[in-house]
Amino acid sequence: MHLTTQRRAAWALVALAVGAFTYVTAEVLPIGLLTVMANDLNRSPSETGLLVTGYAAVVVLASLPLTRLTQRVPRRRLLTVTLGVFVVGMLLTAVAPNYPTLLAARLLVGATQALFWSVATPAAAAMFPPEIRGRAIARMSIGSSLGPVLGVPAGTWLGQQVGWRTAFALAAAVGLITCVTVATLMPGRRQTGAGSTGHEPGRGATPDARRYALLIGATVIGVGGYLTAYTYITPFLLDFGGFAPAALSPLLLASGISGVAGTIVVGRLLDSRPRAALVGPLALITCALLALYGLGALHPVAVVALCVTGMSFSALAAAIASRALQVAPGSTDIASAGSGSAFNVGIAGGSLLGGALIDHSGVRSVTVAGAVLTAAALAALLCERWVTPARASAPEPAAPTRSGR
């Protein structure tokens, strides 16, 4: 890769990471500003909560259809338009005169997020040589890991100080800068997809429908297991862990920082040991959730286990995105959309399961239930070599021996 092209690709990757950061912030920000928005709009908290629920539903339902409709559009043009519509939606959110307009604006932004997550990851991978594409995906994922750590707390604070509309307007400004950067620096021609040199554009390096289906199933189960516990980690830490309410913010911040570290660490494994990068985080999450169940009342154990789960889940998200592109049986864009939808189904399912368990079995039960599910996902992935055809059992790619230029 020519040095100038490499630098352009690196800065375009930074822009996509900032885009990921902005989308995560935009999606979750209403949670932090729930009461502020509800009071301003004269709506109940449950009605205001629909701004998050409806958003998530659009992301799940729109990912595959929108990706199919836009398959032939050049990636730079598609991402530029997507981010441009995001800016419009966020500005409409900031100036919405009433609740129906606000809800419509949120659904519009949700539709752009559905398309962004489906297209951005394959586009980021395609800008780099095959042997370092996993590392590129991990670097882009740092942006999404930083969203809960920096974006949401900063946006919540700003919204509380000067109004929630200002927080959304600022997110729109960041989106506009990202849009202009992508339009300027991202390669204009259609790149070779996630496969190695010589493969069909937009195809996985080792395409296999069974491995992809197994990955999708494991994603739903594993992510669902983690969210079964994590959605209700606050009452768990208070009621079972015995932490004071003032300790919650530092604990969640530590978990978020650990998530950023996990994304950075897993980037070193995605290209050389993709299966290890996938099963390792699931094994760590399982052990950490079991530790919380058995020893969560011991504060040092609870803190370490919480940080391990945060680190491992962020690493798992990057590993799922990378693996989906490697084993994609068809278009990598469609594969990315499918894995993204599976991820969100797991989030929704885990949250619902955790809520049902708390009502019937108490808050402690969410950790052991989550561990059972993540262990099931781990077992499924460990059995991959036996449930897929022999022809698909190709060895993992060797660690790169050249610089990739």
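Now for a quick tour of the structure.

Conventions and cut-offs
Residues numbered from 1 in each chain as written. Predicted model: local features only at pLDDT ≥ 70, side-chain atom pairs only at ≥ 80, totals over all residues. Heavy atoms only, no water. Core = buried A, V, L, I, M, F, W, Y, C linked by side-chain atoms within 4.5 Å. Buried < 20%, exposed > 50% of the residue type's maximum accessible area, 1.4 Å probe, protein only. Helix = DSSP H or I, 4+ residues; strand = E, 2+ residues; numbered from the N terminus. Contact = heavy atoms within 4.5 Å. Axes fitted to C-alpha atoms, helices over the stretch in contact; angles between N-to-C directions. Parallel < 35°, antiparallel > 145°, perpendicular 65-115°, else oblique. Left-handed = near helix turned anticlockwise from the far one by under 90°. Phe/Tyr/Trp six-rings, centres within 6.5 Å; stacked < 30°, edge-to-face > 60°.

Considering the nonpolar core
Residues L16, L79, M90, F116, M127 and F168 are the most contacted members of the largest nonpolar core, which totals 47 residues. Residue assignment for this core shows that the elements contributing at least two residues are α1 (3–32), α2 (34–41), α3 (45–69), α4 (75–95), α5 (99–126), α6 (133–162) and α7 (164–185). With residues near it in sequence (within four places) discarded, L16 still touches L79, F116, A120, A124, M127, M140 and V182. In this structure, L251, V279, A315 and A377 belong to the second largest nonpolar core, which totals 45 residues.

Here we look at the packing of α4 against α5
Interaxial distance between α4 and α5 falls to 8 Å at its minimum, and their mutual angle equals 155°. Here α4 lies roughly antiparallel to α5, going by the angle between them. In the crossing of α4 with α5, the sense of the turn from one axis to the other is left-handed. Contacts between α4 and α5 involve R75, L78, L79, T82, L83, V85, F86, G89, M90, L92 and T93 from the former and T101, L102, A105, R106, L108, V109, T112, L115, F116, V119, A120 and A123 from the latter.

Things to note about the packing of aromatic side chains
In this structure the tally under the stated criterion is 8 aromatic pairs. Ring centres of W164 and F168 lie 5.9 Å apart, and the angle between their planes is 85°; this geometry places the pair in the edge-to-face category. Separated by 4 residues within a single helix, W164 and F168 lie in helix α7, roughly one turn from each other. Each of the two residues, W164 as well as F168, counts as buried.

Take it as geometry only, folks, not as evidence of what the structure does.
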